[in-house]
Amino acid sequence: MKIFVARLPGTPVFDPAGDQIGRVRDVVVGLRIGLRPNVHGLVVEVQPRRRVFLPITRVRRIEPGAVVFTGRLNMRRFEQRATETLVIGEMLDLSVEHGGEPMTVYDVAMDEIKPSHWEISQVALYKGRRRDPRIVEWEEVSGFDKLQKDQGAAGLISAFESLRAADMASALHELPSKRRIEIARALNDVRLADVLEELPPDDQISILGTLEPERAADVLEEMGPDDAADLLHDLPEEQAAKLLALMEPGEAAPVRRLLTYPETSAGGVMTNEPVILPPTATVAEALAHIRQQDLTPAVAAQVYVARPPTETPTGTYLGVSHFQRLLREPPSTLLGSMIDPSIDPIRPDFTLREVTRYLANYNLVAAPVVDELGRLVGAVTVDDVLDHILPEDWREGTDDHDDRTT
């Protein structure tokens, strides 16, 4: 059986009972002088965003759309050994030689030589900008042992193309710093912004610091204003001011407003881009707005009704209409007639503890934030609150390390 490794990321992993326990993120191999590399196992991501090691000897079968293993899975966090190489993270995009000709690694194939014993057998290569790979035997290629200054990123990005931003962020976080920066710099602005929002602060700062200031400002513009403000809060004051000055004025304005609030207040964690419509808008218009693909479920859960202007800070805040109510009403119904009277807004100076209790008391996924003039200035969503009340290193999983005991 031959499997090209770049097709494996994201593949569901099932235990002997048929329950899905995670997804494949990489393949671990051991390079050997003069011999084909042995496949040691798979890196599997289980919830909550923890990477564990699945020995290849435990893999019963690999098929399209599924990896099935037998026995028990060690749930300690995977830690790469010095003698090991990650195929997706470190081999793809490597510059190598074939027949004395410089080539780039597009993919790598592994073969099951005998039951539970896999080796890397072939390499898919391309030259220059061409993406029609040439498949050759492992022994015909040299250069996998070289440390390269600039490895490129196209192959790895292609392998992770279908992953959600949070999964891509988790994959990047586990890569060596040099490789992580190479991949991040090769992503387009929109994708990089989405991924940055899901990374720990240290990774965010490290990646942003490697970008040209103009590009860093462009990426900040693509981030949600609340996420951009959080990141700027963590930067040195001088650097944050420089990036704000490079942003388009219209994009920088909501970020500047958020930066005026304390980080641990409702104003500091809110988004100032909720769905806002006037009371004369119809249910049909409201549903069209919350269908927008780039809205998170928490933001799309309700429509805020306010007098014009309908951008924060708005005119007089009138109330909120929940999407479940919208689904029950005729499309021509006006929003002004279906405001929930039981939801009182919160103030920007509410503490995180007060916001958390408010959301819990009323079983809400979001709450309107209104200033002293009665204007809607934003909305706090449950994911915003969780980001700030969880431990700072929650995105990095547990402190348990992989001891490879089976």
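Residues numbered from 1 in each chain as written. Predicted model: local features only at pLDDT ≥ 70, side-chain atom pairs only at ≥ 80, totals over all residues. Heavy atoms only, no water.

**Q** Can you walk me through a negative patch on the surface in this structure?
**A** The grouping of D194, E212, E214, D218, E222, E248, E251, E273 and E311 at the surface amounts to a negative patch. With three residues, helix α7 (residues 213–222) is the largest single contributor of residues to the negative patch. Mapped onto the elements of the fold, D218 is located in helix α7. Look at D218 and you get partly exposed, because its relative accessible area is 32%. (Patch = residues over 30% accessible without salt bridge, like charges linked within 9 Å, V, L, I, M, F, W, Y side chains within 5 Å. Areas by Shrake-Rupley, 256 points an atom, 1.4 Å probe, with all protein chains shown as cover. Salt bridge = Lys/Arg side-chain N within 4 Å of Asp/Glu carboxyl O. Lys, Arg positive; Asp, Glu negative; His and termini not counted. Charge placed at Lys NZ, Arg CZ, Asp CG, Glu CD. Helix = DSSP H or I, 4+ residues; strand = E, 2+ residues; numbered from the N terminus. Buried < 20%, exposed > 50% of the residue type's maximum accessible area, 1.4 Å probe, protein only.)

**Q** Before we go on, may I ask you to explain the environment of Q20 in this structure?
**A** Its place among the elements puts Q20 in strand β3 (residues 20–32). Linking Q20 and A66, residues 46 residues apart in sequence, is a C-alpha distance of 9.2 Å. For Q20, the contacting residues outside a window of four places in its chain are P12, V13 and F14. (Contact = heavy atoms within 4.5 Å.)

**Q** Could you clarify how one ought to interpret the sheet that holds strand β14 (residues 276–277) in this entry?
**A** Pairing between the strands of a sheet is mediated by backbone hydrogen bonds and can be parallel or antiparallel. Taken together, the three strands give an open sheet; going across it, the order is β14-β15-β16, and neighbouring strands pair in mixed fashion. In this open sheet, the two edge strands, each paired with only one partner strand, are β14 and β16 (317–322). As paired strands, strand β15 (residues 302–306) and β16 are joined by five bridges and run antiparallel to one another. Each residue of the ladder has a partner; that of A306, found in β16, is Y317. (Pairing = 2+ DSSP bridges.)

**Q** Even after reading the chapter, I still don't get the packing of helix α3 (residues 165–174) against helix α5 (residues 189–196), so can you show me in this structure?
**A** Helix-helix packing is characterised by the crossing angle of the two axes and by the distance between the axes. At a minimum axis separation of 8 Å, α3 and α5 run at an interaxial angle of 75°. As judged from the angle between their axes, α3 and α5 are roughly perpendicular. Of the residues in α5, those in contact with A165, M168, A169 and L172 of α3 are R191, D194 and V195. Taken together, the residues of the contact of α3 with α5 sort by class into five nonpolar, no polar and two charged. (Axes fitted to C-alpha atoms, helices over the stretch in contact; angles between N-to-C directions. Parallel < 35°, antiparallel > 145°, perpendicular 65-115°, else oblique. Nonpolar A, V, L, I, M, F, W, Y, C, P; charged D, E, K, R; others polar.)

**Q** Where do I start with the packing of aromatic side chains in this structure?
**A** Any pair of aromatic rings gets described here by the distance separating the centres and the angle formed by the planes. In this structure the tally under the stated criterion is four aromatic pairs. On the numbers, 6.1 Å between centres and 20° between planes, the contact of F53 with F78 is stacked. One end of the pair, F53, is in strand β5 (residues 50–55); the other, F78, is in the loop between β7 (66–69) and β8 (84–86), and 25 residues separate them in sequence. Note on accessibility: F53 and F78 belong to one class, buried. Aromatic side chains Y106 and Y126 sit 6.2 Å apart centroid to centroid with 85° between the ring planes, which places their arrangement in the edge-to-face category. In this pair, Y106 sits in strand β10 (residues 101–114) while Y126 sits in strand β11 (residues 117–126), placing the two residues 20 residues apart along the sequence. Since its relative accessible area comes to 30%, Y106 is described here as partly exposed. For Y126, a relative accessible area of 7% translates into the label buried. (Phe/Tyr/Trp six-rings, centres within 6.5 Å; stacked < 30°, edge-to-face > 60°.)

**Q** Even after reading the chapter, I still don't get the nonpolar core, so can you show me in this structure?
**A** Buried together is how nonpolar side chains tend to be arranged in soluble globular proteins. The biggest cluster of nonpolar side chains holds 100 residues, and the ones touching the most others in it are V27, V105, M110, F144 and V380. Not counting the four nearest positions on each side in its chain, V105 is found in contact with M91, L92, D93, L94, V96, V123, A124, L125, Y126 and F144. In terms of nonpolar packing, the next biggest core, distinct from the first, is built from 13 residues, L277, A281, V283 and A286 among them. (Core = buried A, V, L, I, M, F, W, Y, C linked by side-chain atoms within 4.5 Å.)

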